[in-house]
Amino acid sequence: MNGAELLVAALENEGVKRIFGLPGEENLAMVEALRRSSIKLVVTRHEQGAAFMAATHGRLTGTPGVCLTTLGPGALNLATGAAHALLGAMPMVMITGQKGVLSRKQARFQVVDVISTMTPLTKMARQIVSPTTIPALVREAFRIAQQERPGPVHLELPEDIAAEPAGEPRLIQPHPIEVPVAHAAALDRATAIILKAERPLIMLGAAASRPCLAGALSDFVKRVRIPFFNTQMGKGSVSGGSGLYMGTAALSERDYVHDAIDHADLIITIGHDTVEKPPFIMGPNGPTVLHVGYLPATVEEVYFPHAELIGDVGPSLTLLAQRLEGKLPNAGALLPLREEILAHIAVRADESRYPLTPQRIVHDVRQVMPEDGIVCLDNGMYKIWFARNYRTRIANTLLLDNALATMGAGLPSAMTAAMLHPDRRVLAVCGDGGFMMNSQELETASRLALNLVVLVLQDNAFGMIRWKQAADGFPDFGMTFGNPDFVKYAHAYHMKGSRVDSADELAPALDAAFAVGGVHVVSVPVDYAENSLVLIDELQAHAAERTRQP
Ligand SMILES: Cc1ncc(C[n+]2csc(CCOP(=O)(O)OP(=O)(O)O)c2C)c(N)n1
Ligand SMILES: [Mg+2]
């Protein structure tokens, strides 16, 4: 056994089934070891795609996704994916090659200090200097990637260490780890705060979407019957409690959901992670904030909770519910605001204007997606509309990145969702800008025979930035571009492509694409006039009206 074979054996020992990657000559021993292993090598067309795919594997399963690249240029292409996983708290293990460390037969050719590059982008970045260290390093890498707060780790395997005889060292077996539940004193304090509240509100944050948490969280909300809203990344974490859903904070202030937030005297944030754009802004005269999380709150100018309940969130919430159930006469105090908030959000969702409004696109996507269907967003203007208007009832059925908020992750993340859930409908929603950043992965998707529909919203512009440019009073400049014919582009990849030519064609086009199967690109022109009309003019008018009210 050589170092590479030992590394692959250690990955098998961790239960790894697939590795996403794009190898180089420094990985050849590793590639050969993978060929003879139970692990599938998913070859991508760009390392960034591999990193996004691995990160999404971690996000959806709770166990690290793994990606592999060569040294220098290949490794550097992982940087954005590493940051996406670090800010998004997605467990991931990145393995990169390197020239030999014991001798330098090619001098400094292609050598960059990848460990130093990865150090600020990961929870741990280590070079493997001897095969004997591999079992412990791999176990440690997976433990660190997975434990709260999850994130990426990096291991560098130099090619001479990969080729070095390793003997038959013992692998270290993983075992389940139960983390401590909140302290009784903290539970008592939290209980007292909640019992005292006159207008309580729950907020579900990014960590509420951890795959293992859905059951306990839903149970808690249903038992205490306090209405809830969520952050963008906390969407969908309560099932069956939809009568208590007050909305999603896609903006930091002034949206209709803030009618409820601004009236609350207590906000119980569950799993809030301040990597997200603030769902509300704390100020001196605001409500009491109780932070419930795996880890203590990060204190920020806009987030400084007054009390905390720290520990394994699911079991801690169960203990809290036992103390509170049936004792909260004010639980539903803010519920009367719900109908009006949701009615505002639903306005003009069925308008037949062409090009289509973002509201109509979100509405029609919801119509064709079953409850368990997964929508994966890239980054652009439509993210705000989907976060705000798309209703979810199952955790992790709207995957978006409100942390690094990078463009280019929509298609790769949808590909992982389709690999993990071949029985569910999976839709990638991308802007014409973000789609073209990683559209080469269409070839990977078709090679893997995935069932996947890619909806490309066409405005021939970096719409989100164009909107902000206009909102800030700048002239329209530097934000537009031309596009390929997306139908022909799909055909060039030997896949189906269609274009939506009227508002009523969108839902049938998506349905037909899902029915046929395979990879299918659907392009739809979008009318972004609504961005300013609703998200600025209408909300400003609403805020002005609210300040006039007593
Ligand atoms: C990698 C990266 N580059 C730049 C940005 C800044 N940015 C955010 S949204 C956006 C425009 C996205 O355009 P498009 O994908 O066409 O979506 P649209 O807003 O037009 O719907 C840009 C440039 C980013 N978030 N990520
Ligand atoms: Mg665009």
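Our subject is the structure that appears above.
These notes cover the structure that comes with them. (Residues numbered from 1 in each chain as written. Chains lettered and ligands numbered in written order. Predicted model: local features only at pLDDT ≥ 70, side-chain atom pairs only at ≥ 80, totals over all residues. Heavy atoms only, no water.)

### Here's the deal with the packing of helix α14 (residues 358-368) against helix α15 (residues 382-389)
Logical step 1: Axis separation between α14 and α15 bottoms out at 10 Å; the angle between their running directions is 55°. With respect to their mutual orientation, α14 and α15 come out oblique. Handedness of the α14/α15 crossing: right-handed. Residues P358, Q359, I361, V362 and V365 of α14 lie in contact with α15, whose contacting residues are W385, F386 and N389. (Axes fitted to C-alpha atoms, helices over the stretch in contact; angles between N-to-C directions. Helix = DSSP H or I, 4+ residues; strand = E, 2+ residues; numbered from the N terminus. Parallel < 35°, antiparallel > 145°, perpendicular 65-115°, else oblique. Left-handed = near helix turned anticlockwise from the far one by under 90°. Contact = heavy atoms within 4.5 Å.)

### Digging into the pairing of strand β7 (residues 200-204)
Logical step 1: Counting buried residues along β7, five of its five residues qualify, which places the element largely inside the surrounding structure.
Logical step 2: Judged by which residues are buried, β7 turns out to be covered on both faces: P200, I202 and L204 on one side and L201 and M203 on the other are all buried.
Logical step 3: In this structure, β7 lies alongside strand β10 (residues 266-270), joined through five bridges in parallel fashion. By the bridge assignment for β10, L201 is matched with I267. (Buried < 20%, exposed > 50% of the residue type's maximum accessible area, 1.4 Å probe, protein only. Pairing = 2+ DSSP bridges.)

### Focus on the nonpolar core
Logical step 1: Counting 64 residues, the largest nonpolar core has F229, I361, V365, V375, F386, L427 and L455 as the members making the most contacts within it.
Logical step 2: A total of six residues in this core trace back to one element, the largest contributor, which is helix α21 (residues 506-516).
Logical step 3: Counting 46 residues, the second largest nonpolar core, distinct from the first, contains L78, M92, M118 and L399. (Core = buried A, V, L, I, M, F, W, Y, C linked by side-chain atoms within 4.5 Å.)

### Re the coordination of the magnesium ion (ligand 2)
Logical step 1: Only D432 (OD), D459 (OD) and A461 (O) from the protein coordinate the magnesium ion (ligand 2), and they sit 2.1 to 2.2 Å from it.
Logical step 2: For D459, a relative accessible area of 17% puts it in the buried group.
Logical step 3: Of the residues examined, A461 reaches a relative accessible area of 3% and is grouped as buried. (Donors = N, O, S within 2.8 Å, 3.2 Å for Na, K, Ca; no water.)

### Regarding the sheet that holds strand β16 (residues 452-458)
Logical step 1: If you walk across this open sheet you meet the six strands as β14-β13-β15-β16-β18-β17, and the pairing is parallel. With partners counted over all chains shown, the strands left at the sheet margins are β14 (398-399) and β17 (496-499), one partner each.
Logical step 2: Strand direction decides the pairing type here: β17 and strand β18 (residues 519-525), joined by four bridges, are parallel. Of the residues in β18, the one forming a bridge with S498 is V522.

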